[in-house]
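These are the residues of each chain, in order.
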Amino acid sequence: MSQLQPPTQEQLDAYVGTRLALAGFDLTLLPEQSDPATGVPTRTQVLNSLRSFVASTPAAIGGWSPPVTGTPAPEYAQQASPPLLYPSITEAWTGKADGR
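The residue numbering used here restarts from 1 in each chain and proceeds along that chain's sequence as written. Predicted model: local features are reported for residues with pLDDT of at least 70 only, side-chain atom pairs are reported and counted for 80 or more only, and whole-chain, interface and lining totals are derived from all residues. Hydrogens are left out, water is left out, and the side-chain values use all remaining heavy atoms of the structure.

1. Remarks on the nonpolar core
Condition: Here the nonpolar core consists of buried residues drawn from Ala, Val, Leu, Ile, Met, Phe, Trp, Tyr and Cys, with membership extended through side-chain atoms lying within 4.5 Å. The classification of residues rests on relative accessible area computed with a 1.4 Å probe and restricted to protein chains. Under 20% of the type maximum is buried, over 50% is exposed, and intermediate values are partly exposed. Helix numbering and strand numbering both begin at the N terminus, where a helix is a DSSP run of H or I of at least 4 residues and a strand a DSSP run of E of at least 2. Note on contacts: a residue pair qualifies if any of its non-hydrogen atoms lie within 4.5 Å across the two residues.
Judged by nonpolar contacts, V16, L20, L27, L30, V46 and L47 together constitute the single largest core of six residues. If you list the elements that add at least two residues to this core, you get α1 (9-22) and α2 (43-61). Apart from the residues lying within four places of it in its own chain, the contact partners of L47 are D13, V16 and L27.

2. A word on the side chain of R51
Positionally, R51 belongs in helix α2. Each residue touching R51, except ones within four places of it in the same chain, is listed here: Q9, L12, D13 and V16.

3. As for the pattern of salt bridges
Counted only if it meets this: Each reported salt bridge corresponds to a side-chain nitrogen of Lys or Arg within 4 Å of a carboxyl oxygen of Asp or Glu.
Evaluation of the coordinates by the stated rule reveals two salt bridges. One salt bridge in this structure joins D13 and R51, with 2.7 Å as the shortest N-O distance. Here R51 lies in helix α2 and D13 lies in helix α1, a separation of 38 residues in the sequence. Judged by relative accessible area, which is 24%, D13 ranks as partly exposed. Using a relative accessible area of 14% as the deciding quantity, one classes R51 as buried. One salt bridge in this structure joins E32 and R43, with 3.2 Å as the shortest N-O distance. With E32 in the loop between α1 and α2 and R43 in helix α2, this pair connects stretches of sequence that are 11 residues apart.

4. Looking at the environment of S34
Checked against the element boundaries, S34 lands in the loop between α1 and α2. Under the relative-accessibility criterion, S34 is labelled exposed at 56%. Along the primary structure S34 and T44 are separated by 10 residues, whereas in three dimensions their C-alpha atoms are 9.9 Å apart.

Structure below.
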């Protein structure tokens, strides 16, 4: 059985650039030089950080899917139960926070 080779830096850069473009983010809008007054990261800093994230984290979370029972098929599980940014707020809005 052949073992998968890790992606090259160029492949990671292409992937990150494509994902950012699909999200509507233009990496070229970031400055090339550091600006201590604003603290905005440079293009290089952002690309390095995202490249590092993509090379390490998605493999650990890629296999996760929420438990689904009932109507939606398993392949739609994540759409039926998306992760929440602020679950405590959502629970308060839906009445789950106080045990209702």
